[in-house]
Amino acid sequence: MKKIKQISVFEHQRLLVGTNGFKQEHLDALLKLNEYHEGKYFEPIAKGLKFNQYVGIIQVDGLVIQIHPKADKDDDDSRWSGVLLNMLKACGKLKASSVGVAHVNRKNLNLLEVYFELYLQEIDGLLRKGLVKKYRKETKNVYSLKGKLEFAGHLQKNIIHKERFYTTHQVYDENHLLHQVLCKALTIVSYFTKGTRLHDYLKRVQLNFPEVSNSNITKSQLENIKLNRKTKDYSYALELARLIILNFSPDISSGKEKMLSLLFDMNQLWEEYILKQLQRTCLNNDIHVSGQESKLFWGSNLLRPDIVLRIGSNTLIIDTKWKRPSNSSASVGDLRQMYTYCRFWDAKKAVLLYPGNEIENEFKTYNTDDYSKQDNTEIGRIEHQCKMGFVSVLDEFGNLDIQIGNKILKLLED
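We now turn to the structure provided with this report. (Residues numbered from 1 in each chain as written. Predicted model: local features only at pLDDT ≥ 70, side-chain atom pairs only at ≥ 80, totals over all residues. Heavy atoms only, no water.)

Some remarks on the overall build of the protein chain
Logical step 1: Helix and strand content of the protein chain: 12 helices and 19 strands.
Logical step 2: Out of the 414 residues in the protein chain, the part that is buried amounts to 47%.
Logical step 3: Within the protein chain, contacts between residues separated by at least 24 positions form 65% of all contacts whose residues are at least 6 apart in sequence. (Helix = DSSP H or I, 4+ residues; strand = E, 2+ residues; numbered from the N terminus. Buried < 20%, exposed > 50% of the residue type's maximum accessible area, 1.4 Å probe, protein only. Contact = heavy atoms within 4.5 Å.)

Topic: the pairing of strand 16 (residues 314-320)
Logical step 1: Counting buried positions along strand 16 gives six out of seven residues, so the element sits mostly inside the fold.
Logical step 2: As judged from the five bridges shared by strand 15 (residues 307-311) and strand 16, these two strands associate in the antiparallel manner. When the sheet's bridge partners are listed, Ile-307 is paired in strand 16 with Ile-318.
Logical step 3: Hairpin connection, strand 15 to strand 16: the antiparallel pair is bridged by two residues, and Gly-312 has positive phi, about 65°.
Logical step 4: Remark: the strand 16/helix 11 (residues 332-345)/strand 17 (residues 349-355) crossover connection has right-handed handedness. (Pairing = 2+ DSSP bridges. Right-handed = clockwise from strand over helix to strand, strands pointing away.)

Notes on the packing of helix 10 (residues 266-281) against helix 12 (residues 404-413)
Between two packed helices, both the angle of their axes relative to each other and the distance between the axes serve to describe the pair.
Logical step 1: Interaxial distance between helix 10 and helix 12 falls to 8 Å at its minimum, and their mutual angle equals 90°. It follows from the interaxial angle that helix 10 and helix 12 lie roughly perpendicular. Contacts from Trp-270, Tyr-273, Ile-274, Gln-277, Leu-278 and Thr-281 in helix 10 reach Ile-404, Gly-405, Asn-406, Ile-408 and Leu-409 in helix 12.
Logical step 2: For the contact of helix 10 with helix 12, a count of residues per class yields seven nonpolar, four polar and no charged. (Axes fitted to C-alpha atoms, helices over the stretch in contact; angles between N-to-C directions. Parallel < 35°, antiparallel > 145°, perpendicular 65-115°, else oblique. Nonpolar A, V, L, I, M, F, W, Y, C, P; charged D, E, K, R; others polar.)

Observations regarding helix 2 (residues 83-90)
Logical step 1: With six of eight residues buried, helix 2 lies mostly within the body of the structure.
Logical step 2: Residue Gly-92 follows helix 2 closely and has a positive phi angle near 80°.

As for the environment of Gly-82
Logical step 1: Note on placement: Gly-82 falls in the loop between strand 6 (63-68) and helix 2.
Logical step 2: On a C-alpha basis, the gap between Gly-82 and Leu-111 in space is 9.9 Å, while along the polypeptide they are 29 residues apart.

A look at the packing of aromatic side chains
Logical step 1: Per the stated rule, a full pass over the model turns up 11 aromatic pairs.
Logical step 2: Measuring from centroid to centroid gives 6.2 Å for Tyr-341 and Trp-345, while their planes differ by 90°, and the two rings are edge-to-face. Of this pair, Tyr-341 and Trp-345 both sit in helix 11, four residues apart, roughly one helical turn.
Logical step 3: We classify Tyr-341 as buried; its relative accessible area is 4%.
Logical step 4: One aromatic cluster is present, built from ring pairs that chain together Tyr-41, Phe-42, Phe-51 and Tyr-54.
Logical step 5: Stacked on the ring of Phe-10, the Lys or Arg Lys-70 has its end atom at 5.2 Å from the ring centre.
Logical step 6: Here Lys-295 stacks its cationic end above the ring of Trp-345, 4.8 Å away from the centre of that ring. (Phe/Tyr/Trp six-rings, centres within 6.5 Å; stacked < 30°, edge-to-face > 60°. Lys NZ or Arg CZ within 6 Å of the ring centre and 35° of its normal.)

Comments concerning the sheet that holds strand 2 (residues 14-16)
Logical step 1: On the basis of which strands lie adjacent, the open sheet formed by three strands has the order 2-4-3 and antiparallel pairing. Edge positions in the open sheet fall to strand 2 and strand 3 (42-45), since each of these has one partner strand only. Strand-to-strand twist across the sheet, computed as the mean angle between neighbouring axes with direction ignored, equals 25°.
Logical step 2: Looking at chain direction, strand 3 and strand 4 (residues 48-51) are connected through four bridges and run antiparallel. Looking across to strand 4, one finds that Pro-44 is bridged to Leu-49.
Logical step 3: With respect to the sheet, helix 1 (residues 24-36) is in contact with strand 3 and strand 4, its orientation differing from that of strand 3 by roughly 135°.

Structure follows, in structure tokens:
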């Protein structure tokens, strides 16, 4: 059995062929994966690649590459090893009940193993409760006449076997789309758990799982699954199954090696994490926090700030940016965007929020002549304020800072 080798890197880091067991065939497979996803994961460089803002894990041909987030290039690498799992848990993308999640600081913890373990726990729980049966139509030879006799097929298949009937009839069993999806994901998990601590657990779950049709599950089928009162307990298991199936790439490397990638955009994760923390902090006060509000801007184009806060009659805008500016100043494009948000939301203050150590940074005021939207008449001079804000993701002990929501509110007051 091929031994699994692990490489740990950080976002925006380079990885060259010949480094820590990274071979040319690995590079070829990753470049094909990147091409399949429109080049968003990596940037090809001479004899290697440079990672973008996507973090997570990729497994291919006996090699596991773990890509960790890291807000500050000068920070200690060891402080960031468990950050991704903690942020995923805080954003509700991982259940805290997983054994793997409970040990997020364990050295060399494999993100795939955490998700696989969660999935096996969910399937095991469904099996203990009892799987849901559904009616389906089946056409086959039977020994008693039931349902509709398929006359042409009956003559073709049973000209000798007079004791049989070729019919279409209803069957009430576990062989339906929900279980076909779950079984497909179990099969994929089996490819990547050989030789790991989860292999025996997987085999026990597969042994207890009913035999279902081996169907080719499409993205459209996954997106159109609807749950009801009887199947609501399948919700999280299906969410994990979708994640596993849609990120499985059996043909990426010319069919030779199977590849699975679980990659997360840190820009989106940072935005969602900040939104969740602010909502939790403002739960019991008079501050209303919402994410992804939208307004028409030009034709069918929309404006959509990351976070909008309403404190009494005042509106404040937050736009999250995971990548810190190289020259300690916001780009003109970002400032124009924040100004536009202020105009359309009638907000007095806006903050470009970056990860990093708190820096003294005051709001800067810019004035503008504002006009009535009804008759285009000048109604006076309006003041808008904007600043760059920095909040530390980690506390002094290297854990996610649970006070980050309060610190952001303080940034808005200064």
